[in-house]
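# Topology and contacts: notes
What follows is the residue order along each chain.
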Amino acid sequence: MLLILCPYCGPRAEIEFRCGGESHIERPGPYSEVDDGAWADYLFTRKNPKGEHRERWLHAAGCRQWFNVARDTVSHTILAVYPMGKTRPPTEAGT
Amino acid sequence: MSGWRLKSGGTIDRDRRVRFQWDGRSYEGFAGDTLASALLANGISLVGRSFKYHRPRGLFAAGLEEPNGIVQLEADEATIPNLKATQIELYDGLIATPVNVKPSLEFDLMAANSLVKRFIPAAFYYKTFMWPGWHWFEPSIRRAAGLGTAPAEPDPDAYEHRFAHTDILVVGAGAAGIAAALAAAESGTSVMLVEVEPELGGGLRDEKQPVEGQSATAWLKKATKALASKSNVTILRRTMAFGFYDHGLIGLHERIADHLPPDQRHGPRQRLWKVRCGQVILATGAFERPFPFARNDLPGVMLASSALSYLSRYAVAPGRNIVIATNNDSAYTVGLALHDAGIQISAIIDSRTTVGACARDAEEKAIRLILGAAPVRAKGRLRIESVSFAPVSSTTETGSVGCDTLLVSGGWNPTVHLHSQSGACAASAQRPSRPDASVYGRPSGCRRSLGRFAE
Ligand SMILES: [Zn+2]
């Protein structure tokens, strides 16, 4: 069970959170110019990396805020936590 | 011949007799006994039947590693199937029955399976009973192969779930775990010390050698007192650390009231802990390895270290005519302790040809040494009557020794379950893969757990 650092509440157990899946997915548009392939990609195609994955988490049983988490899918290490709408901040590892 | 209770010794309370029932008959033990030690003291060597061929099985170990002494505890709605007799603390009025036996322990009809076993290969049941459908046969086959019975009524007991946080969690309160907890407690951080047995000490409870210039018992008493006096230390006894999860989360199973008679139990019977730890120290010790040889599952065959535990904790001897088969020094300690307690050691069979100081100690006590040989077959019907051995090196003759108990020691395996579950490699125990885990004592490769005291 992960220990997730909520930027608003501090470190809390995973059961308090809901995972919202992959982050940084941009809605294509304007709608009239989007073909079916691009729209299907937007709806359904997701990364499944071995290594760093950027995902959205909701502190459902706490402050009810959304935020971004960069998590290593192999070791489950949480590499970074950052607000919605922002890009992943650089770390010592340089990623 | 079978097990018996010595006139003196052990940590049992001889002033408090405890009555219990096994397999419908009434027996007596002492407060401080486990069901297993009380059965052994009452001369019971047959405690169950094997899963498939219903071969007779006796107590093989004294603790968590016991594979044979699986029993059904209590009756009706409070019944619990498949508990280990070695982990059940004896209380007044305890009722236990063997599982997987019919109609009785001594006379088991299903043992006929073992006469035709060459015709019952693995997966025989699934492949043979396919027509007209496995489900036609499954209930009777499951009954024949199954272990205990689940209760039919709702569970009358209450259970509890608790979260906790600690800076340091130490799993295992043997010498290494206690030393680690004491050292950690000095710095003022919060420490949890978790031990599956009702008493702290692990192997120290059976240790004959002095520790830091005093007896192991005295050292243990002092260390336990020192730990108990510290407000930043929590000691959990009868508690099993069963899982090592992400980000330092450890699952614990605490048996709060299982050791009490049912009418004296108040509050929750068991507690599930989820503990988030800054650092986990695994001081989980080691299990003794058995020896592979024909019919090594006969009642009367037991781990050497377990015989020492039965002797030093419960003053119970597993037999009256003991042979030891070993490939390492640790079984000699057991042999000498049993010999000193007045129990006959007929031979020590050692697969090594050259043995150090421990062999001289055994020869001084006139114990017969058979070097360069290993056991090949145990003989007997419901209990071992003799063991035949064969040379590992060419210098030894083939032969056979009569005995009612064969103690085996095939070396020691570090208890690496939690270590492996944390994602580390068992071969590199000293280098845990995660920043939140470290390993002390025997799992770290130390042969003697005391070896790491200095660290
Ligand atoms: Zn929050």
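Remember, it's a predicted structure, so these values are computed and weren't measured experimentally. Within each chain, residues carry numbers counting from 1 in the order of the written sequence. A letter from A marks each chain and a number from 1 marks each ligand, given out in the order of writing. At least 70 in pLDDT is required for a residue's local features to be given in this predicted model, at least 80 for side-chain atom pairs to be given and counted, and no such filter applies to totals for whole chains, interfaces and linings, which use all residues. Each side-chain value is derived from all of the structure's non-hydrogen atoms; neither hydrogens nor water enter the calculation.

### Considerations on the overall build of chain B
From N to C terminus, chain B includes nine helices and 26 strands. When a residue's accessible area, from a 1.4 Å probe over protein chains only, is under 20% of the maximum for its type it is buried; when over 50% it is exposed; and in between it is partly exposed. Relative to its full complement of 455 residues, chain B shows a buried share of 53%. Whether two residues touch is decided by their heavy atoms; if any such pair falls within 4.5 Å, the residues are in contact. Of all intrachain contacts in chain B linking residues separated by at least 6 positions in sequence, the fraction that spans at least 24 positions is 62%. Going along the chain from the N terminus, every DSSP run of H or I of four or more residues is numbered as a helix, and every run of E of two or more is numbered as a strand.

### Description of the coordination of the zinc ion
Residue and element names in this part refer to chain A. The rule for donors is simple: an N, O or S atom within 2.8 Å of the metal counts, and for Na, K and Ca the reach is 3.2 Å. Water is not among the atoms, so a site may look short of donors. Coordination of the zinc ion by the protein is provided by C6 (SG), C9 (SG), H59 (ND1) and C63 (SG), with metal-donor distances spanning 2.0 to 2.3 Å. Donor angles set the geometry label: tetrahedral for four donors if every angle is between 85 and 135 degrees, square planar for four and octahedral for six if opposite donors exceed 155 degrees and the others are between 65 and 115, irregular for anything else. The coordination sphere of the zinc ion comprises four donor atoms, whose angles at the metal cover 105 to 119 degrees; the geometry is tetrahedral. If you list the donors of the zinc ion from N- to C-terminus, the spacing comes out as C-x2-C-x49-H-x3-C. Taken together, the positions of C9 in the loop between strand 1 (3-6) and strand 2 (10-13) and C63 in the loop between strand 4 (52-58) and strand 5 (66-72) put the pair 54 residues apart, joining distant regions of the chain.

### Section: the sheet that holds strand 2 (residues 13-22) of chain B
Residue and element names in this part refer to chain B. Here, any two strands with at least 2 DSSP bridges between them count as paired. The strand order across the open sheet built from five strands is 3-2-8-6-7, with neighbouring strands paired in mixed fashion. Pairing within the sheet leaves two strands with one partner each, and these edge strands are strand 3 (25-31) and strand 7 (80-84). Here the average twist between neighbouring strands, direction ignored, is 40 degrees. By the bridge criterion, three bridges tie strand 2 to strand 8 (residues 94-98) in an arrangement that is parallel. Of the residues in strand 8, the one forming a bridge with W22 is A96. Working convention: axes come from line fits to C-alpha atoms, limited for helices to the stretch in contact. Angles between N-to-C directions cover 0 to 180 degrees.

### Considering a negative patch on the surface
By definition, no residue in a patch forms a salt bridge, and every one has over 30% relative accessible area; like charges are joined within 9 Å, nonpolar side chains (Val, Leu, Ile, Met, Phe, Trp, Tyr) within 5 Å. For accessible areas, the Shrake-Rupley method is used with a probe of radius 1.4 Å. Any residue's cover is judged against the shown protein chains and nothing else. We define a salt bridge as a contact between a side-chain nitrogen of Lys or Arg and a carboxyl oxygen of Asp or Glu at a distance within 4 Å. For the purpose of charge, His is not counted, nor are the chain termini; Lys and Arg are scored as positive and Asp and Glu as negative. Charge coordinates come from a single atom per side chain, which is NZ of Lys, CZ of Arg, CG of Asp or CD of Glu. On the surface, D76, E77, E153 and D155 of chain B cluster together to form a negatively charged patch. Tracing the backbone shows E153 of chain B in the loop between helix 3 (134-145) and strand 9 (159-171).

### Observations regarding the nonpolar core
Residues and elements named next belong to chain B. Ranked by size, the top nonpolar core spans 58 residues in total, and within it F20, W22, L35, L94, Y310 and L407 carry the most contacts. Throughout, the edges of the domains are those of an automatic or database domain assignment. Each of domain 1 (1-155) and domain 3 (288-412) gives at least three residues to this core. Discounting residues that sit within four places of it in the chain, L407 has contacts with M302, L303, A304, A307, P318, I322, V323, I324, A325, V334 and L338. We define the nonpolar core as a collection of buried residues of types Ala, Val, Leu, Ile, Met, Phe, Trp, Tyr and Cys that are connected through side-chain atoms lying within 4.5 Å of one another. Listed in part, the 23 residues of the second largest apolar core include I178, A180, L182 and V191.

### A word on the packing of helix 4 (residues 175-186) of chain B against helix 5 (residues 216-228) of chain B
Residues and elements named next belong to chain B. With their axes 10 Å apart at the nearest point, helix 4 and helix 5 run at an angle of 35 degrees to one another. Of the two elements, helix 4 crosses helix 5, and the hand of that crossing is left-handed. Counted together, A175, I178, A181 and L182 of helix 4 and W219, L220, A223, A226 and L227 of helix 5 form the full contact between these two elements. The nonpolar class holds Ala, Val, Leu, Ile, Met, Phe, Trp, Tyr, Cys and Pro. Asp, Glu, Lys and Arg form the charged class, and all remaining residues, Gly among them, are polar. Tallied by class, the residues present in the contact of helix 4 with helix 5 amount to nine nonpolar, no polar and no charged. We call a crossing left-handed when the near helix sits turned anticlockwise from the far one by less than a right angle, and right-handed when that turn is clockwise.

### Concerning helix 4 of chain B
Residue and element names in this part refer to chain B. Expected span of a helix: the number of residues minus one, times 1.5 Å. Helix length check: helix 4, at twelve residues, gives a terminal C-alpha distance of 17 Å against a target of 16 Å (1.5 Å per residue), a fit within 8%. Burial runs high along helix 4: ten of the twelve residues are buried. Where helix 4 is concerned, the buried positions are A175, A176, G177, I178, A179, A180, A181, L182, A184 and A185. In this structure, the buried side of helix 4 is in contact with strand 9, strand 10 (191-194), helix 5, strand 11 (233-236) and strand 14 (270-282). Two residues or fewer after helix 4 comes G188, characterised by a positive phi angle close to 90 degrees.

### Things to note about the side chain of D350 of chain B
Residue and element names in this part refer to chain B. Relative to the helices and strands, D350 is located in strand 19 (residues 344-350). Note on D350: relative accessible area 0%, which makes it buried. Of note is the side chain of D350, whose polar atom sits 2.9 Å from the backbone nitrogen of R352. The residues contacting D350, other than those within four sequence positions of it, are T326, N327, Y332, V355, I370, L371, G372 and A373. Identification of polar contacts relies on pairs of N or O atoms within 3.5 Å, with a donor-acceptor requirement for protein atoms, meaning one able to donate a hydrogen and the other able to accept it, and with residues adjacent in sequence counted only if both atoms are side-chain atoms.

### Re the interface of chain A and chain B
Facing ten residues of chain A, the contacting portion of chain B comprises six residues. Taking both partners together, chain A and chain B bury about 640 Å²; carbon and sulfur atoms supply 55% of that area. Linking chain A with chain B are zero salt bridges, by the criterion used here. The interface formed by chain A and chain B contains five residue pairs in polar contact (both at pLDDT 80 or more). Of the residues assigned to the side of chain A that touches chain B, the class counts are six nonpolar, three polar and one charged. The quantity reported as buried area is the accessible area (1.4 Å probe) lost by two parts once they are put together, taken as the sum for both.

### Remarks on the domain arrangement of chain B
How big an interface is tends to be reported as the loss of accessible area on association of its parts. All names here are of chain B. Assigned domains within chain B: domain 1 (1-155), domain 2 (158-284 + 423-440) and domain 3 (288-412). In total, about 870 Å² of surface goes out of reach between domain 1 and domain 2, with carbon and sulfur atoms giving 51% of it. For the domain 1 face of the interface with domain 2, the top three residues by lost area are Q87, E89 and Y91, together amounting to 54%. Summed over the shared surface of domain 1 and domain 2, the result is one salt bridge. A salt bridge links R238 to E89; its shortest N-O distance comes to 2.6 Å. Between domain 1 and domain 2 we count three residue pairs in polar contact (both at pLDDT 80 or more) in total. Here the residues of the side of domain 1 that touches domain 2 are counted per class, giving three nonpolar, two polar and four charged.

### Details of the sheet that holds strand 21 (residues 373-379) of chain B
Residue and element names in this part refer to chain B. Judged by pairing direction, the sheet is antiparallel, and its three strands sit side by side in the order 21-22-23 without closing on themselves. Whereas interior strands pair on both sides, the edge strands pair on one side only; in this sheet they are strand 21 and strand 23 (399-402). Across the sheet, the mean angle from the axis of one strand to that of its neighbour is 30 degrees, orientation sign disregarded. Pairing analysis gives six bridges linking strand 21 to strand 22 (residues 386-391), with the strands arranged antiparallel. Bridge pairing in strand 22 links K379 to S386.

### Re the environment of R295 of chain B
All names here are of chain B. Along the chain, R295 turns up in the loop between strand 15 (286-288) and strand 16 (301-303). Note: C-alpha distance between R295 and S37 (258 residues apart in sequence) is 23 Å. Setting aside anything within four residues of it in sequence, one finds R295 in contact with R55, R377, A378, G380 and R381.

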